[in-house]
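Given next are the chains, with one letter for each unit.
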Amino acid sequence: MTAASRPLTRRQPISERVIETFLFLAAALGVVTTVGIIIVLVAQAAEFFAQVNPIDFLTGTVWSASIQPFRFGVIPLVVGTLAVSLIALLVAVPLGLLAAVYLAEYATMRTRNLVKPMLETIAGIPTIVLGFFGLNFVTPHLLKPIFGSAIGTFNTLAGGLVVGLLITPLIASLSEDALRAVPRGLREGSLAMGATKFEMVRRVVFPAALSGVMASIILALSRAIGETMAVVLIVGTSPKLTFNPLESTQTMTAFIAQISAGDTPQGSIQFKSLFAVALVLFGLTLVLNLISNRIVRRYRNIY
Amino acid sequence: MNASFVETPAKTTAQPETAPRVHIAMAGQPAAPSGPVGEREIAVELKDVTCWYGSFRVVHDINVRVAAREVTALIGPSGSGKTTVLRTINRMNDLVSTFRLQGSILLHGQDLYAARTDPVEVRRRVGMVFQKPNPFPKSIFDNVAFGPRINGFKGNIGELVEASLRRAALWDEVKDKLKQSGMSLSGGQQQRLCIARAIATEPEVILMDEPCSSLDPRATLQIEELMAELKTRYTIVIVTHNMQQAARASDRTAFMTMGDDRAGFLVEQGPTIEIFTNPKNRLTEDYVSGRFG
Amino acid sequence: MTAVTPPAAAAPRFEPQLMRRKLSGTIFLGACLLAIGLLLLALILLLVSVLTAGVQWLDTQFLTSMPSRHPQNAGVLPAIVGSLEMGVIIGLITFPVGVAAAIYLQEYAADTFLNRLLRTNISNLAGVPSIIYGIFGLALFVRVLTLGDSLLAGALTLALLILPVVMIASMEALRAVPNSQREGALALGATRWQMVRGSVLPAAAPGILTGIILAMARAIGEAAPLIIVGAVGFVTFLPAPIGDRYTVLPIQIFDWASRPQSDFQGIAAAAIIVLLVLMVLLNALALVIRVRLSRNIQW
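Below you will find a few notes about this structure. (Residues numbered from 1 in each chain as written. Chains lettered and ligands numbered in written order. Predicted model: local features only at pLDDT ≥ 70, side-chain atom pairs only at ≥ 80, totals over all residues.)

Some remarks on the packing of helix H4 (residues 113–126) of chain C against helix H6 (residues 151–175) of chain C
Residues and elements named next belong to chain C.
Argument step 1. At a closest axis distance of 8 Å, the pairing of H4 and H6 adopts a crossing angle of 130 degrees. The orientation of H4 relative to H6 falls into the category oblique. Read as a crossing pair, H4 and H6 show a hand that is left-handed. In this structure, H4 contributes Ile122, Leu125 and Ala126 to the contact, and H6 contributes Pro164, Val165, Met167 and Ile168.
Argument step 2. Of the residues contributing to the contact of H4 with H6, the split by class is seven nonpolar, no polar and no charged. (Axes fitted to C-alpha atoms, helices over the stretch in contact; angles between N-to-C directions. Helix = DSSP H or I, 4+ residues; strand = E, 2+ residues; numbered from the N terminus. Parallel < 35°, antiparallel > 145°, perpendicular 65-115°, else oblique. Left-handed = near helix turned anticlockwise from the far one by under 90°. Contact = placed C-beta atoms within 7 Å. Nonpolar A, V, L, I, M, F, W, Y, C, P; charged D, E, K, R; others polar.)

Laid out in structure tokens, this is it:
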């Protein structure tokens, strides 16, 4: 039978190897980008640090980039960023976790189909819109009636509230995934012992999902720290070391945007300072993201 | 591929059957060769085959000879490695990176695991039908045409599709809806579609991995009848858990079981009638009479 | 025959207090609903405040004019054109690159150290703040590639920003295709690329397309990176991809909202409405694609 004696060899066509190479190059683009970002930030920041002592930069408590005498202590910007982010977490963690528990444990198919799109809508709103909302509604119509003249037109609290709204869907959906991943056996076991549903959630399911929940909170914090447009209109342009959320300050991201959008000449020390601030910002978010990944990976093997 | 593919469909020889019990003569069994395999043309031969996944030995010392244009059944309890052995024949185990094979497997005398052998070409010549029907989410026509198209078929693809569907006993049921999705068919129809799909690449051997285990009894019977027709053109190797099915539908049977070291080995092989009525090995007798497995 | 007497009634060892415990549960559920209600309220307040501020400014003159120093005459046309141009360019870049990378990582990459590095790298990139991408784009596209303040430089920057998102979404769509499909194709004698192109990609197409459209919607709403690479808020012509300055809707909104006059706040709100409509259209498109294309696919 001639068909049977045909050889089984067929050299792999060149096109297969070529295709695989192209695909690999596309995937390697990710690494190239990361390396590129690090190189750019470090190189440009180095130019800045040639003129400004890095220790003074990292520990100084006065930031005055546009007004003489120029001082470049980054602490006020960091504190401003962290203040906004922490207020955001104070809003987003309870709201997000309650929504997550509801979606994972209590919601019917119908309510789920209402709540999830709502969360996705909030997540999809462009951040400039949230900034506009903070400027035109939250400060004048929500905060001013409460705090009166104690609160300025630009303040940290409004920024924190708005960013909190922004990151709530992130916490909600990631935590919901973490809760859903808890095996049915654990739930059924606790119910079979006579626990109420709330007790099952509080004592068994939630602790089991804790690592995923914590990872989601850290990711949300990282997101809040990196947020620009939602805060740039609201928080202000006067970085100062203050812990009063009713005052105006400035975040790292807003400073970078302000310098870029303005008339600052590109070779000036002010312009170069934005790269140093960006380096701090990048480092901070990178560390947080790595911690979050670590937590997820370390505790994922339990099941 | 020069043969003409348009032909009149073969008539099905439908045999009435009672539920066959194992130790009686097979009803409806076509004239089965009862002599040793050596007298028949051999399609596939496994010689001293041992397989590992990493350091775990799955099967060892497998020597099986599959005669051409017959149905050979691999039976045995779960874990005996039957599916692993089946998948060595079309090199599907290669997809697992830790898989290793020792020994040789010959397809009409050619070594399937030689260094120069291309597994892709092997898989065109050795087709496979899976446990759960897995049609592509494409039209019925495109499902059957997929194999020929990727293998560079030059000819009238419409005729090839029709011939394959006819040989899979599916043509009459789908000829008016070739554009519909393959996934809109019933389970039994999907499996016959998968058979048509496998046939379309003109394989020499068709491997079937428990093809009826997710089908209802009526669909199962249809597939078994189909196998009786298919074997006039193709060599068929089938893994099955269903002893009655092996007894009904196969010409030769090989029985494997799992040893104490959790590695599978071949216990006995021979004409089906002998395996089921007069097995030479105690283990075989225990299995086919239902004492274990 | 001795009678079996039940044990003496022991003092109760369990005090279930079921009522109180169930009450806690109800209170908790109430808190959940309250949280969801607050979120819904915030969303409604946001939409209502934008609508009431902006709808009076929204007319055809607004949609078809250039910006101006006087809010009454200002229009949002260059911003709309800029956003659409940018969307197209971004889509053309991220679609092939993102899907190709996802195919490699999901279908070709063995579990080697290099490939695991590539994968974790993608998820790290997805978490980098958008403004950092702006800085990178400034260095690479604006300066090194001398694209200047052009729309193309902005589009490339945003394409890099959403590339990790597209990759992750595509990888998930590919992962969702069951292995039985891959085995079915391989068993017919397909090479790996034939398997991917003929069987896996068509099955993953709805998920991939949806992911790309949603990522593009996100890119269209971005402003921070564009501020760094030089988008401006006062463009009185329709920008070409290279050689002209340009603007997009979020930048225009930012520019107007930064001005203290309340009229400018009003037209900023109107521009927001235009942007939101655009996003709704994109999301609806993604939904339609997902529903229509996955009609046949039930695993």
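There is more to say, and it comes next.
Points about the interface of chain A and chain C
Argument step 1. Between chain A and chain C, the contact holds 63 residues from the first and 66 residues from the second.
Argument step 2. Of all the elements, helix H2 (residues 14–49) of chain A adds the most residues to the side of chain A that touches chain C, at 18 residues.
Argument step 3. Classifying every residue of the side of chain A that touches chain C gives 42 nonpolar, 17 polar and four charged.

So, the pairing of strand E4 (residues 99–107) of chain B
All names here are of chain B.
Argument step 1. The sheet contact formed by strand E1 (residues 42–53) and E4 spans eight bridges and is antiparallel. Among the inter-strand pairings, Glu45 is bridged to a residue of E4, identified as Leu106.
Argument step 2. As judged from the two bridges shared by E4 and strand E5 (residues 110–111), these two strands associate in the antiparallel manner. Directly across from Leu107, in E5, lies its bridge partner Gln110.
Argument step 3. A loop of two residues connects E4 with E5, the two strands running antiparallel in sequence, and His108 in this loop sits at a positive phi of about 45 degrees. (Pairing = 2+ DSSP bridges.)

Side note on the environment of Arg116 of chain C
Argument step 1. With respect to the secondary-structure elements, Arg116 of chain C resides in helix H4.
Argument step 2. Considered as a pair, Arg116 of chain C and Leu105 of chain C are eleven residues apart in the sequence and their alpha carbons are 8.9 Å apart.

As for the sheet that holds strand E7 (residues 205–209) of chain B
Residue and element names in this part refer to chain B.
Argument step 1. Across the sheet, which stays open at both edges, the ten strands sit in the order E5-E4-E1-E2-E10-E9-E3-E8-E7-E6 with mixed pairing between neighbours. The sheet is open, and its two borders are formed by E5 and strand E6 (126–129), each paired with just one other strand.
Argument step 2. As defined by bridge partners, E1 adjoins strand E2 (residues 56–67) across eight bridges and the pair is classed as antiparallel. Looking across to E2, one finds that Ile42 is bridged to Ala67.
Argument step 3. Helix H6 (residues 187–199) rests against E6 and E7 of the sheet, and its axis sits at about 170 degrees to E6.

Read these as spatial facts, not as claims about activity.
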